[in-house]
Amino acid sequence: AAGNRVLVYDTTDGDLLHSLKAHREAVYCVAYSKHGKKFASGGADKQVIIWTDKAEGKLKYNHGDSVQCLAYNPVTQQL
């Protein structure tokens, strides 16, 4: 993450694939699901955004405070 953007890089060559802007304030954390089919970001704007593997922000959840950390359960794939 850089500022209020989520940066997605190609793991083989390091090329920037996407610079995603959906958060209104700084992004603090990003977590990938076990199979890499989705990922989530959270930040100072008190939002959690669930992204698809095509880098589309599908779901937004509001939280009561800034989101400092996210993790997917490796067994259930719940965030």
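Let me begin by describing the structure that accompanies this report. Residue numbers here run from 1 along each chain, matching the order of that chain's written sequence. Note on the predicted model: pLDDT of at least 70 is required for a residue's local features to be given, and 80 or more for side-chain atom pairs to be given and counted; whole-chain, interface and lining totals, by contrast, use all residues. To obtain the side-chain values, all non-hydrogen atoms of the structure were used and water was disregarded.

1. Describing the pattern of salt bridges
Only one rule defines a salt bridge in this text: a Lys or Arg side-chain nitrogen within 4 Å of an Asp or Glu carboxyl oxygen. In this structure the tally under the stated criterion is two salt bridges. Residue K58 is joined to E56 by a salt bridge in which the shortest nitrogen-to-oxygen separation is 3.5 Å. Residue exposure (1.4 Å probe, protein chains only): buried if accessible area is under 20% of the type maximum, exposed if over 50%, otherwise partly exposed. Note on K58: relative accessible area 55%, which makes it exposed. Residue E56 is classed as partly exposed on the basis of its relative accessible area of 38%.

2. Things to note about the pairing of strand β3 (residues 27-32)
Across five bridges, β3 lies against strand β4 (residues 38-43) in antiparallel orientation. In the strand pairing of β4, Y32 is matched with F39. Here, any two strands with at least 2 DSSP bridges between them count as paired. In this text, helices come from DSSP runs of H or I with a minimum length of four residues, and strands from runs of E with a minimum of two, each type numbered from the N-terminal end. Between β3 and β4, which pair antiparallel one after the other, the connecting turn spans five residues, and G36 there sits at a positive phi close to 75°.

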